[in-house]
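# Chains, contacts and geometry: an overview
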Amino acid sequence: MNTLFVAGHSKLPTGMAANNISDTLTLTLEVDKVYGVIVDASCTLATEHSKQFVKQLLKGFSLKDGITEPLHQLKEGYLGKAGNALAAALKDAQKQYEMHPEPINT
């Protein structure tokens, strides 16, 4: 397989529809092993529309370049209560990614 599955977690604010499912938000990323590019993304927000929006927002960014730009896109584009939770989950996913060793080229 040429991709990695990376998950980040954060606490959701109270009073959200997603709280009926869980108190935490999970953001999962499928990341290209060589280039670090996010090829797919998913999250545990309540509506399919919000999940698709986050997916489209994050696809194409490389975690090797850091997360400054995707965080900026989240801040500018997602205006819901879960904005800070999404940012925190992305930061957690970046930490998980950075702990993974570089692929060995054979």
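The structure under discussion appears in the preceding block.
Residue numbers run consecutively from 1 along every chain, following the written order of its sequence. Whole-chain, interface and lining totals are the exception, using all residues; otherwise, since this is a predicted model, local features are given only for residues with pLDDT of at least 70 and side-chain atom pairs are given and counted only at 80 or more. As a rule here, side-chain values cover all heavy atoms of the structure and leave hydrogens and water aside.

## Examining the overall build of the protein chain
When its secondary structure is counted, the protein chain shows three helices and three strands. Mapped in sequence order, the helices and strands of the protein chain form the string β-β-β-α-α-α. Think of it in three bands: with a 1.4 Å probe and only protein chains considered, a residue is buried below 20% of the maximum accessible area for its type, exposed above 50%, and partly exposed in between. In the protein chain, which comprises 106 residues, the proportion classed as buried is 41%. If you take every contact in the protein chain between residues at least 6 apart in sequence, the share linking residues at least 24 apart comes to 55%. Accessible surface is estimated by sampling points in the Shrake-Rupley manner with a 1.4 Å probe; for residues, cover comes only from the protein chains shown. Accessible surface for the protein chain amounts to roughly 6500 Å². Of this, 54% is attributable to carbon and sulfur atoms. Counting from the N terminus, the helices are DSSP H or I runs at least four residues long and the strands are E runs at least two residues long. Contacts: residue pairs with any heavy atoms within 4.5 Å of one another.

## Considerations on the packing of helix H2 (residues 68-77) against helix H3 (residues 83-99)
All axes here are fitted lines through C-alpha atoms, helices being fitted over the stretch that makes contact, and every angle between N-to-C directions spans 0 to 180 degrees. For the pair H2 and H3, the least separation of the axes is 10 Å and the interaxial angle reads 165 degrees. Classified by the angle their axes make, H2 and H3 are roughly antiparallel. Crossing of H2 over H3 shows right-handed handedness. Touching Pro-70, Leu-71 and Leu-74 of H2 are Leu-86, Ala-87, Leu-90 and Lys-91, all from H3. Here the contact of H2 with H3 is composed, by residue class, of six nonpolar, no polar and one charged. In what follows, roughly perpendicular refers to angles from 65 to 115 degrees, roughly parallel to angles under 35, roughly antiparallel to angles over 145, and oblique to any angle outside these ranges. Helix crossings get a hand from a simple test, with the near helix turned counterclockwise from the far one by less than a right angle marking a left-handed crossing and a clockwise turn marking a right-handed one. Three classes are used, and their members are as follows: Ala, Val, Leu, Ile, Met, Phe, Trp, Tyr, Cys and Pro are nonpolar, Asp, Glu, Lys and Arg are charged, and the others, Gly among them, are polar.

## Considerations on the nonpolar core
By size, the foremost hydrophobic cluster in this structure holds 25 residues, and its most contacted members are Leu-27, Leu-29, Leu-45, Leu-58 and Leu-86. Within the residue set of this core, elements represented by two or more residues are strand E1 (3-11), strand E2 (24-32), strand E3 (38-43), helix H1 (48-58) and H3. Top element by residues in this core is H3. It accounts for six residues. Those residues in contact with Leu-86 that sit more than four places away from it in its chain are Ser-10, Leu-25, Leu-27, Cys-43, Leu-45, Val-54, Leu-74 and Tyr-78. By nonpolar core is meant a set of buried Ala, Val, Leu, Ile, Met, Phe, Trp, Tyr and Cys residues that side-chain atoms within 4.5 Å join together.

## Digging into the packing of H1 against H2
Where H1 meets H2, the axes come as close as 10 Å, and the angle between the chain directions of the two elements is 140 degrees. Considering how the two elements wind past one another, H1 and H2 form a crossing that is right-handed. Between H1 and H2, the residues in contact are Phe-53, Leu-57 and Leu-58 and Pro-70, Gln-73, Leu-74 and Gly-77, respectively. Per-class residue counts for the contact of H1 with H2 are five nonpolar, two polar and no charged.

## What to know about the pairing of E2
For E2, the buried fraction is high: seven of the nine residues fall into the buried class. DSSP calls a pair of strands paired once it identifies at least 2 bridges connecting them. Pairing geometry for E1 and E2, over nine bridges, is antiparallel. By the bridge assignment for E2, Ser-10 is matched with Leu-25. Where E2 lies against E3, five bridges are found, and the strand directions are antiparallel. Each residue of the ladder has a partner; that of Glu-30, found in E3, is Asp-40.

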